[in-house]
Amino acid sequence: MKRIISLILALLIFSLPAFAQTSDKVDLISLDGVTVYEVGDEVLGMDKDAFKEYVKENNIVFYGIANDNSYVIEATCKETSFSSSVKDFKNIKLSDIKDFADSTKILNYNIERLGDAVYIIREVTSDDLAESSKVTQFITVKQGFVYVISVINKEGAEKAKSVVSSIVYNFTETPAQISVWHIVIVSAAIVLVLLVFIFVGIALIKDLKKRNAKNEETAEEE
C-alpha cells in the first residue's frame, strides 16, 4: 500500500513541471523558409534589450527574416470585442469585413482569401524604410484575435501574398483558454499532491499507534 501511495505521489510531483512548461510558449503561427527571432535575440541592428522592448510595445507574436533575406515578416496579435464575437473572418459576410475595415479607418484595401484565412490587404508607407522597400499589411481575425501581419520586401504586394498564403495557424484554442486550462490542471495536481500528503500522514500516524500498542502489549506479557 505504501509503495502504491509513494508511486502516485512521485508521479504527481514530477508531472507539475511538465504542465507548467506547456504554457510557457504558444506558437501561434509558423512559416517555412524563415529564421524566427525571439526575445533575447539580436536582430536588424537592435540589441537584445531594444528588440525585447520592440516586441513588447507592439504585441508581436512572430518575427522572422527570410532565409534568403528577401523579406521581413512580423505579426501582432490583439483581442478586441469585435474579434472575440466573430472568432474568424471566415464566419462573417464580406460586407461585414468591409464594415470592420471602414470603421477602423483602413484605406485603399482589398479583401482576399489566402491559405486558411481571409485578409484585408493594404500597402502602407513608412519613413523608417529605404525607398526601395515596400510594406504590405494583412489583417485578419482568427480564433477570436485580430492579427496584423506585415511583410517588408522590394517586390511588393504580390510577392507578399505568396508568403502569407503559406502561413499556418497552429493553435486550436485561444492563448487565454490554453493558459487558463493549464492553470486549472496544475492547481488540481497541487490539490491532489496535498491530499496524498494528508492521506500518507494519517496512515503513518495510525501505523505508529498500532506499533506502539503492540509494543506495550509485548512489554506487559514479559
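Refer to the preceding data block for the structure.
Fair warning: this is a prediction, and the values are worked out from it, not measured in the lab. (Residues numbered from 1 in each chain as written. Predicted model: local features only at pLDDT ≥ 70, side-chain atom pairs only at ≥ 80, totals over all residues. Heavy atoms only, no water.)

Novice: Any chance you could break down the environment of Q137 for me, citing the residues and the numbers?
Specialist: For Q137, the position within the fold is in strand 7 (residues 134-142). Between the C-alpha atom of Q137 and that of Y147, which follows or precedes it by ten residues, the distance is 10.0 Å. Ignoring sequence-local partners within four residues, the contact set of Q137 consists of I120, I121, R122, V124, V148, I149 and S150. (Helix = DSSP H or I, 4+ residues; strand = E, 2+ residues; numbered from the N terminus. Contact = heavy atoms within 4.5 Å.)

Novice: Describe the pairing of strand 6 (residues 117-124), listing the residues and the values that go with them.
Specialist: Both strand 5 (residues 109-114) and strand 6 contribute to a ladder of six bridges, which runs antiparallel. Counterpart to I111 in the pairing with strand 6 is I120. Strand direction decides the pairing type here: strand 6 and strand 7, joined by five bridges, are antiparallel. By the bridge assignment, I121 is partnered in strand 7 with F138. (Pairing = 2+ DSSP bridges.)

Novice: Provide a residue-level description of the side chain of T136, including the pertinent values.
Specialist: As for its position among the elements, T136 is in strand 7. With a relative accessible area of 0%, T136 lands in the buried category. Excluding anything up to four places from it in sequence, T136 contacts I121, R122, E123, I149, S150, V151, G156, A157 and A160. (Buried < 20%, exposed > 50% of the residue type's maximum accessible area, 1.4 Å probe, protein only.)

Novice: Outline the nonpolar core, supporting the account with residue identities and numerical values.
Specialist: Within soluble globular proteins, side chains that are nonpolar generally end up buried alongside one another. Of all hydrophobic cores here, the largest spans 24 residues; its most connected members are I73, Y119, F138 and I149. Contributing elements (two or more residues each) for this core: strand 3 (60-66), strand 4 (71-78), strand 6, strand 8 (145-153) and helix 5 (157-164). Apart from residues no more than four positions distant in its own chain, F138 is found in contact with L114, Y119, I120, I121, Y147, V148, I149, V151, A160, K161 and V164. Among the nonpolar cores identified, the runner-up in size contains eleven residues, and V86, I97, I106 and I139 belong to it. (Core = buried A, V, L, I, M, F, W, Y, C linked by side-chain atoms within 4.5 Å.)

Novice: An account of helix 2 (residues 48-57) is requested, with residue identities and associated values reported.
Specialist: The distance from a side-chain oxygen at the start of helix 2 to the backbone nitrogen of D49 is 3.2 Å, and the residue carrying that oxygen is D47. N59 occupies a position one or two residues after helix 2 and carries a positive phi of about 55 degrees. (Polar contact = N/O pair within 3.5 Å; in protein donor to acceptor, adjacent residues only side chain to side chain.)

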